[in-house]
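Spelled out, the chains give:
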Amino acid sequence: QVQLVESGGGLVQAGGSLRLSCAASGPTFSTYAMGWFRWAPGKEREFVASITWSGGITNYADSVKGRFTISRDNAKNTVYLQMNSLKREDKAVYYCAAGRNFGTRAELYNYWGPGTQITVSS
């Protein structure tokens, strides 16, 4: 069982940066692939980024590639999402998720955090 809690969300101007953190409980965090997803009103849940259990492989949605960076610190049971050059269309609730298999599909992830809101102003 893994419990996840996101933090770091808030209001930022377009072009600005934020770093999200996702703290995990449980002794097995380092064995899970981790992902970030987002959900904006009127849109479907969208894959943002994922990282393997070791951190050796990452994957990004085309919409964030080159602007966002996912990383993890297994010693701290934490995964991060560094978001730069934020755009208005990045506004959403961001969720971190843990799963046994690395990938882009939400169905691969068994555990989810409650989410953190990102708002980007012009």
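So, a few notes on the structure that sits alongside this text. From a predicted model like this one, the values you see are computed outputs, not experimental measurements.

So, how was this worked out
- Residues numbered from 1 in each chain as written.
- Predicted model: local features only at pLDDT ≥ 70, side-chain atom pairs only at ≥ 80, totals over all residues.
- Heavy atoms only, no water.
- Helix = DSSP H or I, 4+ residues; strand = E, 2+ residues; numbered from the N terminus.
- Phe/Tyr/Trp six-rings, centres within 6.5 Å; stacked < 30°, edge-to-face > 60°.
- Buried < 20%, exposed > 50% of the residue type's maximum accessible area, 1.4 Å probe, protein only.
- Lys NZ or Arg CZ within 6 Å of the ring centre and 35° of its normal.

### What about unusual backbone geometry?
Then, number 1: The phi dihedral of Asn77 is positive, around 55°, even though this residue is not glycine.
Then, number 2: When you line up the elements, Asn77 lands in the loop between strand S7 (68-73) and strand S8 (78-83).
Then, number 3: One non-glycine residue with positive phi stands out, namely Ser85, at about 50°.
Then, number 4: Mapped onto the elements, Ser85 comes out in the loop between S8 and strand S9 (92-99).

### Description of the packing of aromatic side chains
Then, number 1: Applying the stated criterion across every chain, the model contains four aromatic pairs.
Then, number 2: On the numbers, 5.0 Å between centres and 50° between planes, the contact of Phe37 with Trp112 is tilted. Of the two residues, Phe37 sits in strand S4 (residues 33-39) while Trp112 sits in strand S10 (residues 111-112), which places them 75 residues apart along the sequence.
Then, number 3: With relative accessibility at 2%, the residue Phe37 sits in the buried group.
Then, number 4: Of the residues examined, Trp112 reaches a relative accessible area of 27% and is grouped as partly exposed.
Then, number 5: An aromatic cluster of at least three residues, connected via ring pairs, comprises Phe37, Phe47, Tyr109 and Trp112.
Then, number 6: In this arrangement the basic side chain of Arg45 is found over the ring face of Trp39, its NZ or CZ atom lying 5.7 Å from the centre.
Then, number 7: Above the face of the Tyr32 ring, Arg100 is positioned so that its terminal group lies 4.0 Å from the ring centre.

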